[in-house]
Amino acid sequence: MRGSRRVFVLITLGVPFAFYALFVLWPFVQAFIYSLTNWSGFSPEFEFVGIHNYVALFQDDIFMKALRNNLLLAVVVPLVTIVLSLALATMVTVGGSSTGSVRGLGHSSFYRVVSFFPYTIPAIVIGLLWSQMFDPSNGLVNGLLTSVGLDGFKSFAWLGEPSTAMPVSMFVIIWGFVGFYMVLFIAAIKGIPAELYDAARVDGAGRIRMTTMVTLPMVRDTMQTAYIYLGILALDAFVYMAALNPSGGPQNTTLVMSQDLFNTAFKKGQFGLASAMGVVLAVVTLLFAAVVFLVNRLAGRKAN
Amino acid sequence: MSVTEATQATEHPVPVKDQSPTSRGDRAVTTTSHVVLTIWAIIVILPLVWVFLSSFKTTGEIFKSPLDLPSKLQFENYSSAWTDSHLGLYLFNSVIVVVAALVVVMVLGAAAAYSLARYPFPGSGVLYYLILAGLTFPIFLAIVPLFFVLKNLGLLNTLPGLSATYVAFAFPFTVFFLYPFFRALPQEIAEAAEIDGAGEWRTFWQVMLPMARPGMVAVAIFNFLGLWNQFLLPVALNTDESKYVLSQGMARFASQAGYAVNFGALFAGVVITVVPVLIVYIIFQRQLQGSLSQGTLK
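Note that the structure is predicted; figures quoted are calculated from it, not measured. (Residues numbered from 1 in each chain as written. Chains lettered and ligands numbered in written order. Predicted model: local features only at pLDDT ≥ 70, side-chain atom pairs only at ≥ 80, totals over all residues.)

1. Considerations on the overall build of chain A
Here is step 1 of the chain: Each helix and strand counted, chain A has 13 helices and zero strands in total.
Here is step 2 of the chain: Reading chain A from its N end, one meets helices and strands in the order α-α-α-α-α-α-α-α-α-α-α-α-α.
Here is step 3 of the chain: Against the globule reference of 19 Å for 304 residues, chain A gives a C-alpha radius of gyration of 24 Å, more extended than a compact globule.
Here is step 4 of the chain: Of all intrachain contacts in chain A linking residues separated by at least 6 positions in sequence, the fraction that spans at least 24 positions is 67%. (Helix = DSSP H or I, 4+ residues; strand = E, 2+ residues; numbered from the N terminus. Rg over C-alpha atoms; globule rule 2.2 N^0.38 Å. Contact = placed C-beta atoms within 7 Å.)

Shown next as C-alpha cells:
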C-alpha cells in the first residue's frame, strides 16, 4: 500500500510539476541569467556583462518614462476601480429601506448582470471597441458631444493628445473591471452578518456611518486582494495599450514597460536587455504587493 | 448560507409602504442609487449597442455619422470578417487551443492539488510555494526564455505548443483554487472507499473528484475566460498567420492604420467575438456569481 501510494503521488504531483517547472519556473530562472548577458538571440554566443543592462535601463529616458507610466497606472487604476465598484456595490446591497431589516435595492440583479458584461469581453476587444468609440471623427463619444453643441470636440483626438491619452486609457481599463469587482464586493458585503448592521442601526448609526464603521472594515481583505490584482494588471497593461496606442501614444505618454520589453525582444532582438526589463517589472510587481500588504496591516492595527 | 438568502431577499423585494419619518430620506437614497446605477449600466451597454448597430453599416455610413442608424442591414460585414479577415479560422484555432488546454490543466491541476492536500510529505510545502510563485511573477518575465524553450522543443508557432504554455500558466491558479477544496473534503470518505477495496486512483477519480465538482466548475469557468482572453502568449509564441487565435486576429485590426482598415468588418468582428461568450455568461451568470461569493467567503 505504501508503495502504491508513493507511485500515485509521484505521478499525480510529479508529472504536472515537471511540466510546470519546464514552462514556467525554468524560464523565470533563465530570465535572471539572460538579464546579465548581452545576448542578441541570433547567435549562440553571449557574454556576461554584469549589471550593465540594468545601468543602461536606468539611463534610458524612454524606459524610465514607461516605468513612471506604469507606476501612475498602478496607483490610479486600482484606486478608482475599487472606489467606484465599492460604491456601486454598497448601493446595490444597502440602498433599500433603512427601517426594518437591512434591505438591498429592488431589481438590483439587473445592474449586477449588466455591469459584469465587460469582464466577459477579451481585453484586446475592449481596447479596439474603445479606440473606435474615441475615434476623432467617426467615434460615438465625439458624435454625442458635438450633437449637444460642444463643437470643440468635432475631431478631438482623445488618444492623440498628450493630455488626454493616458486618462482615456485608464478609463478603458477601469471600464473593463468595475463590474467584476462590484460583483465581488456584493458577495463580500452579503457575507457580513446581518446582526452587525442591526446592532449599528440600534445604536443610531446612519447610512454613512454604517458604511464606514461596518462595511469598510469587513471588506478590507477583499479590498486588499482587489488592489493587488488590479495593481499587477496595471503594471502589465500591455494588451490595452497595444490596442489603444500601439506605438506608445503621443510623446510616449501611454508607453508601458511591457510594450518596451516586447519591442526590445521581438523587434530589436536585444534579449539580454529585454530580460533585464522583465526582472525590473517583476521586482516592481513584488514591491507593489508588499506595500499593499504593509498598508493593509498598518490600517488594520490602527482600526483595532 | 446567508448569501443565497440575501440574494432571494433582493430579488423579491417586499413592497412595504413605509410610514416612518425616515422614509423620505430613504426614497431619496433609493432614487439616487437607481440613478447612479442606471448611469453606469448605460456607460456599459452604450458602446456595445453602438458597435452592434455599426456592424450593419457600410463604410460610407460609418464615415458619415456615428449617430445614424444603418440604412439597411449590411450582412456583408459579417461574411467579410468571417472569411476575408479569417475570423472563422481563428475562432476554430482558439477553440482547439483553449479546450485542449482546459481539459489538460483541469486534470493535472486537480491531481496535483489532491496529492498535495491529502498526502503531505517533507518538501511538499516547498512545492506548493513554488507553484504559488507562478501566480505572483508576471508572464513578461518568462516570455523571452519561453520563446527559446518552445523553439528548442520544435513547438514554436504550433497550436500544441501554444496549448502547452496555456496549461503551464493556468496551472498555478488551478492548484491554488482547488487545494482548499480537497483539504475541506472529509478524509473519512476516502478512507471508507479504500477499506472497501478501492485503490488510490479509483478513490481519487470516482469518489473524491466528484465531490469537488463545485470547485472544479468555478475554476474551469475562470480558466476558460482567462485563456480565451490570453494575448501575450499567442502574440509572442504563435506568429504564423494561419495559426492565429481570435485575439490575434482582432489585434490585427488595431495594428492596421487608417483607411486600410475595413471598419464594417472590424465592428462585425467585435460582435462575433463578444456575443457567444456574452450569451454563455447570461445563461450561467448565477453559477458564476455563486462561485465568486464562495471564493470570497472561504
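Resuming the write-up.
2. Thoughts on helix 4 (residues 108-116) of chain A
Think of an α-helix as turning once every 3.6 residues; residues three or four places apart then point the same way.
Here is step 1 of the chain: Taken together, the buried positions of helix 4 of chain A are occupied by Ser108(A), Tyr111(A), Arg112(A), Ser115(A) and Phe116(A). Burial along helix 4 of chain A is one-sided: seen end-on, the buried residues are contained in an arc of 120 degrees. (Buried ≥ 20, exposed ≤ 12 C-beta atoms within 10 Å, placed from the backbone. Arc of directions from axis to C-beta.)

3. Brief notes about the confidence of the model for chain A
Here is step 1 of the chain: Within chain A, residue pLDDT values average 88, and 94% of them lie at 70 or more.
Here is step 2 of the chain: Element-level mean pLDDT values for chain A span from 83 in helix 9 (residues 207-218) of chain A up to 94 in helix 3 (residues 61-94) of chain A. (pLDDT = per-residue confidence, 0-100.)

4. Let's talk about the environment of Thr158(B)
Here is step 1 of the chain: In this structure, Thr158(B) sits in the loop between helix 7 (139-153) and helix 8 (159-184).
Here is step 2 of the chain: When the C-alpha positions of Thr158(B) and Lys243(B) are compared, they lie 7.2 Å apart, and in sequence the two are 85 residues distant.

5. Quick notes on the interface of chain A and chain B
Here is step 1 of the chain: Tallying the contact residues gives 86 residues for chain A and 85 residues for chain B.
Here is step 2 of the chain: Per-element accounting of the side of chain A that touches chain B gives the leading share, 20 residues, to helix 1 (residues 2-34) of chain A.

6. A few points about the nonpolar core
Here is step 1 of the chain: Membership of the largest hydrophobic core comes to 170 residues, with the highest contact counts inside it found for Leu128(A), Phe185(A), Met277(A) and Ala113(B).
Here is step 2 of the chain: It is helix 7 (residues 162-190) of chain A that provides the largest number of residues to this core, a total of 20 residues.
Here is step 3 of the chain: Phe185(A) has contacts with Ser85(A), Leu86(A), Ala89(A), Val219(A) and Thr222(A), leaving out every residue within four places of it along the chain. (Core = buried A, V, L, I, M, F, W, Y, C linked by C-beta atoms within 7 Å.)

7. Points about unusual backbone geometry
Residues and elements named next belong to chain A.
Here is step 1 of the chain: Backbone geometry at Ala-237 places phi at a positive 60 degrees, although glycine is not the residue there.
Here is step 2 of the chain: Note that Ala-237 resides in the loop between helix 10 (220-236) and helix 11 (238-244).
Here is step 3 of the chain: Ala-237 sits in the buried class, given 24 other C-beta atoms within 10 Å.
Here is step 4 of the chain: Phi angles above zero are rare outside glycine, and Gln-251 is one such case at about 50 degrees.
Here is step 5 of the chain: As for its placement among the helices and strands, Gln-251 is situated in the loop between helix 11 and helix 12 (257-266).

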